[in-house]
Amino acid sequence: MDRRAPPAAPELPERLPAEKKHLLSSLAAAHTLAGVLRPCYGPQGRQKLLVTAKGDTVLTGHAAAILRALELEHPAARLLREAAQGQAEQSGDGAAFVVLLAQALLAQAERLLRAGLPRAQLREAYAAVAAETLALLPSLAVRALGPLEDPVWALRSVMNTHALWRTDHLAGLVAHACWATRELDGGFRPERVGVCALPGARQEDSCLLPGLALPGKPCGQVTMVLSGARVALLACDFGPARSLAPATARLSSPDDLIRFRKGSESLIEKQVAQLAAVANVVVVSGDIDEKTLTHADKYGLMVIQVASRREMVYLSEVLRTPLTPYLLPPLEPGKCQRVYGQELGEALAVVFEWESPGTPALTLVLRGATAHGLRGAEQAVYGGIDAYFQLCQDPRLLPGAGATEMALAKMLSEKGTKLEGPNGPTFLAFAQALQSLPETLAENAGLAVPEVMAEINGAHQAGNFLIGVGVEGIINVAQEEVWDTLIAKAQGLRAVADVVQQLLTVDDVVVAKKSPESPQDTNPEPKKRRARPL
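Our subject in this report is the structure included herewith. Just so we're clear, the structure is a prediction, and the values are computed from it rather than from any experiment.

## Here we look at the overall build of the protein
The secondary structure content of the protein amounts to 16 helices and 20 strands. Considering the protein as a whole, with its 534 residues, one finds that 49% of them fall into the buried category. Excluding contacts between residues fewer than 6 apart, the proportion of contacts in the protein whose partners are at least 24 apart in sequence is 77%. When the accessible surface of the protein is split by element, carbon and sulfur atoms take 53% of a total near 25500 Å².

## Regarding the nonpolar core
Judged by nonpolar contacts, the single largest core of 73 residues is most densely connected at Leu101 and Val500. Per element, the largest residue contribution to this core is 14 residues, and it comes from helix H4 (residues 95–114). Those residues in contact with Val500 that lie beyond four places of it in its chain are Ala102, Leu105, Leu106 and Tyr126. The next biggest cluster of nonpolar side chains, apart from the first, holds 31 residues, and it includes Leu155, Leu170, Leu366 and Ala377.

## Some thoughts on the packing of helix H1 (residues 27–37) against H4
At a closest axis distance of 9 Å, the pairing of H1 and H4 adopts a crossing angle of 140°. Classified by the interaxial angle, the pair formed by H1 and H4 is oblique. Two packed elements cross with a definite hand, and for H1 against H4 that hand is left-handed. Seen from H1, the contacting residues are Leu27, Ala30, His31, Leu33, Ala34 and Leu37; seen from H4, they are Ala96, Val99, Leu100, Gln103, Leu106, Ala107 and Glu110. Among the residues making up the contact of H1 with H4, the classes are represented as 10 nonpolar, 2 polar and 1 charged.

## Focus: the pairing of strand S2 (residues 57–60)
Burial along S2 is one-sided: the face carrying Val58 and Thr60 is buried and the face carrying Thr57 and Leu59 is not. Alignment of strand S1 (residues 48–51) against S2, held across 4 bridges, turns out to be antiparallel. Looking at S2, one finds that Leu50 is bridged to Val58. Hairpin geometry of S1 and S2 is characterised by an intervening segment of 5 residues between the two adjacent antiparallel strands and by a positive phi of about 90° at Gly55.

## Section: helix H13 (residues 423–444)
Its 22 residues place the ends of H13 32 Å apart at the C-alpha level, agreeing with the 32 Å of an ideal helix rising 1.5 Å per residue. With 17 of its 22 residues buried, H13 lies for the most part within the structure. Of the residues trailing H13, Gly446 is marked for its positive phi of about 75°.

## Description of the packing of helix H5 (residues 119–136) against helix H16 (residues 486–504)
Look at H5 against H16: their axes get within 10 Å of each other, and the N-to-C directions meet at 180°. Classified by the interaxial angle, the pair formed by H5 and H16 is roughly antiparallel. Two secondary-structure elements touch here, H5 through Arg119, Leu122, Arg123, Tyr126, Ala127, Ala130, Thr133 and Leu134 and H16 through Ala490, Leu493, Arg494, Ala497, Val500, Gln501 and Leu504. In terms of residue class, the contact of H5 with H16 is built from 10 nonpolar, 2 polar and 3 charged.

## A few points about the sheet that holds strand S16 (residues 362–368)
Ordered in space as S4-S16-S5, the 3 strands form an open sheet in which the pairing is mixed. Pairing within the sheet leaves two strands with one partner each, and these edge strands are strand S4 (193–199) and strand S5 (207–210). On average, adjacent strands in this sheet sit at an angle of 30° to one another, irrespective of strand direction. As paired elements, S4 and S16 share 7 bridges and run parallel to each other. When the sheet's bridge partners are listed, Val195 is paired in S16 with Leu364. Packed onto the sheet, helix H7 (residues 168–180) meets S4, S5 and S16 and runs at close to 170° relative to S16. Where helix H11 (residues 371–393) meets the sheet, it contacts S4 and S16, and its direction lies at approximately 170° from that of S4.

## Observations concerning the pairing of strand S14 (residues 338–344)
Relative to S14, strand S8 (residues 224–225) is paired through 2 bridges, and the arrangement is antiparallel. Opposite Val225, over in S14, you have Val339 as the bridge partner. Hairpin connection, S14 to strand S15 (residues 347–353): the antiparallel pair is bridged by 2 residues, and Gly345 has positive phi, about 70°.

## Digging into the environment of Thr426
Considering the arrangement of structural elements, one finds Thr426 in helix H13. Excluding residues within four positions of it along the chain, Thr426 makes contact with Leu112, Leu117, Leu122, Ala125, Tyr126 and Val129.

## What to know about the sheet that holds strand S17 (residues 396–399)
Strands in a sheet are paired, the pairing made by backbone hydrogen bonds, and the direction either parallel or antiparallel. Strand order in the open sheet formed by 3 strands is S3-S17-S20, and the pairing between neighbours is antiparallel. Across the chains shown, the open sheet's two edge strands, defined by having one partner strand only, are strand S3 (143–144) and strand S20 (483–485).

## Re the side chain of Asn476
Along the chain, Asn476 falls in strand S19 (residues 474–476). Excluding its chain neighbours within four sequence positions, the residues that come into contact with Asn476 are Asn464, Leu466 and Ile467.

## Details of the environment of Gly473
Along the chain, the position of Gly473 falls in the loop between strand S18 (467–469) and S19. In this structure, the C-alpha to C-alpha distance between Gly473 and Glu455, residues 18 residues apart in sequence, is 9.1 Å. With residues up to four places along the chain from it excluded, the contact list for Gly473 reads Leu447 and Gly468.

## Let's talk about the pattern of salt bridges
Enumeration according to the criterion identifies 16 salt bridges in this entry. A salt bridge links Glu149 to Arg143; its shortest N-O distance comes to 3.7 Å. We note a salt bridge from Asp484 to Lys489, for which the minimum N-O separation is 3.3 Å. Residue classification places Lys489 among the buried positions, given a relative accessible area of 10%.

## Side note on the side chain of Ser157
If you trace the backbone, Ser157 turns up in helix H6 (residues 152–160). In terms of polar contacts, Ser157 uses its side chain to reach the backbone amide nitrogen of Trp483, at 3.1 Å. Not counting residues up to four positions away in its chain, the partners in contact with Ser157 are Glu481, Val482 and Trp483.

## Some words on the packing of aromatic side chains
A ring pair, where both rings are aromatic, is described by two values, the distance of the centres and the angle of the planes. Inspection of the entire model under this criterion finds 2 aromatic pairs. Between the aromatic rings of Tyr126 and Phe430, the centroid separation amounts to 6.2 Å while the plane-to-plane angle is 85°, which identifies the pairing as edge-to-face. One end of the pair, Tyr126, is in helix H5; the other, Phe430, is in helix H13, with 304 residues separating them in the sequence. Their ring planes at 85° and their centres at 5.0 Å tell us that Phe188 and Tyr388 sit as a pair that is edge-to-face. Of this pair, Phe188 sits in the loop between H7 and S4 while Tyr388 sits in helix H11, and the two are 200 residues apart along the sequence. Here Phe188 and Tyr388 have matching classes, each one buried. The ring of Trp153 is capped by Arg143, whose NZ or CZ atom sits 3.8 Å from the centre of that ring. Its guanidinium or amino end placed over the ring of Trp179, Arg182 lies 4.0 Å from that ring's centre, counting from NZ or CZ.

Each value, and the rule that gives it
Residues numbered from 1 in each chain as written. Predicted model: local features only at pLDDT ≥ 70, side-chain atom pairs only at ≥ 80, totals over all residues. Heavy atoms only, no water. Helix = DSSP H or I, 4+ residues; strand = E, 2+ residues; numbered from the N terminus. Buried < 20%, exposed > 50% of the residue type's maximum accessible area, 1.4 Å probe, protein only. Contact = heavy atoms within 4.5 Å. Areas by Shrake-Rupley, 256 points an atom, 1.4 Å probe, with all protein chains shown as cover. Core = buried A, V, L, I, M, F, W, Y, C linked by side-chain atoms within 4.5 Å. Axes fitted to C-alpha atoms, helices over the stretch in contact; angles between N-to-C directions. Parallel < 35°, antiparallel > 145°, perpendicular 65-115°, else oblique. Left-handed = near helix turned anticlockwise from the far one by under 90°. Nonpolar A, V, L, I, M, F, W, Y, C, P; charged D, E, K, R; others polar. Pairing = 2+ DSSP bridges. Expected span 1.5 Å × (residues − 1). Salt bridge = Lys/Arg side-chain N within 4 Å of Asp/Glu carboxyl O. Polar contact = N/O pair within 3.5 Å; in protein donor to acceptor, adjacent residues only side chain to side chain. Phe/Tyr/Trp six-rings, centres within 6.5 Å; stacked < 30°, edge-to-face > 60°. Lys NZ or Arg CZ within 6 Å of the ring centre and 35° of its normal.

Encoded structure:
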C-alpha cells in the first residue's frame, strides 16, 4: 500500500512587510479558543469542569456549552464563537468542527500572508477553494436513509459522539419516537418529541410516554384531569403572597387577631375560587401552602409542583399561556386534553396530552444515576432528534470518523498541484487544514498520530475513502456504521468559509468607549426549541 501523504503546501519565503503584520493580530485569539476545544473533539474527547456564573460545577465535553460559558474579550474570538453557536443551533452539532477548521485555515492564511500573497488574492482563492469543497462534498455521500427505513443505524453514530458510553438503547427510543411522530408527507418537527430527565434508576430504564412529560408531582387530592384540561401557570408560591417590604400588623385584642386570620383565609379562598373559575389545573414553581391546597381540593383544582423554572418556561411556550407572578387567574389558560401523574419507579412525572400540531406527541423519559450522566444522555438525545430532522430534509450520509475530511483533502491536493498562481498553494493549504481534524481525532483517542495518519493517507491514495479514525486505529466507517449527515457537514463548511473570510478582512481592533448606561452584553443564550443542558 502506498503510504505517501498528499503533497504538502510548499515552503514559501517570509516576505510580510512590517507595516502589514497587524493583519494577523486577531489570529492568536482563534488559536487560543481552538486550544480550549481541541481536547473535547470527537467521541474520545475529554471533558471540562465548568463553573457557571451561579457557582455551579458542570462536567461537560459539549463544545457549544463550553463556548457559552467562556468569557471572551477579543472580538475575533467572539466572532468565531457566534459562527460556532450558529452551527450548533442550525444542526444541533458541529461547533467544535467550525472552531477547529477555522483556526487551521487561519493558520494556513498566516503562512500565505507571510509569504507575500496579497490579502485580496488570498480571500478570492479561499472563496474558490471553499466553493470547490462544497461542490465535491455530495460525491462522497455513499449512503442514504430510505423513506421507509428504520433510522436507528443512522442516529446511533451521531448520538455516540455526545456520550461517554454506548447509546444503543437510547438510539432505539429516539428512532421510534421520531418515526412515530412523522407527518403524513414524510416531514418531521423536532418539537413533537419532548425530553424529560428524571434522576434515579438506570439508563436502560428510559422509556417513552405519550404527550409532554415533566418532572413534577400532583400535590392535592385531585391527581388527574381526563378531559378538557385548562392550565394556569403560576411563577409564585401557591399561598399567601410574601410582602417585599417589612410590614407589622397592629392588633389590640384577641378579636382583632381572629378577624385578621379570617380575613386572610377569606381572601385566599376567594383567589382560589377565581382561579378555579378559569382553570382546573394549576402548575406552580414555588412552595405550596397546605391551607391553600385545601381550598384547591374543595374547588376541584389539580395542583402540580415543578422544581425547575426552565420547565415552566417551556410549558408556557407549548401551552401558549403566560406565567402569572401572583395567585390570580390568567387571561387565557393553556388547553390540553388530559393531565395526570405518572409513577416511574421511585420518580414522579406529570403528563400533558393533546393532539394539536406543534406540540409534543411523545416524550422520551431519561433515567440515570447521576446528574452528569443524565446531562450527557439528554444531549445525545437532542443530537439524535436534530440528526433525524436533517435526514428528513436530505437523507444523504457521509463517511464519519474523519474519512470525509481526508477524502476532501486528497481531492483538493490533487487539484492544487495542477493549478498555477495563488489558487495552487491555497488549495494545498485548505487540504492541510482539513487533515488537522482527523489528526485531532487520533490524538484524542491516544493513538500514535504519525503512524495512523500515514495508514489513512495510504488507504485514501489507494482509493478507499471509507477509512477513518477509530478507538484502536483506522476503521472502515461503513462496517462500523459511523456516519455524518450531509446537510450538517455542508452547513459547517459554509460557516467556516464565512467566518474566515470575515476575519481576513480585519486590519485592526477598535474598542469603543464604554458607557455606564449601556452595560456590556454577557453572551446571551442562543434560541432553542427547548433549553438544552449545559
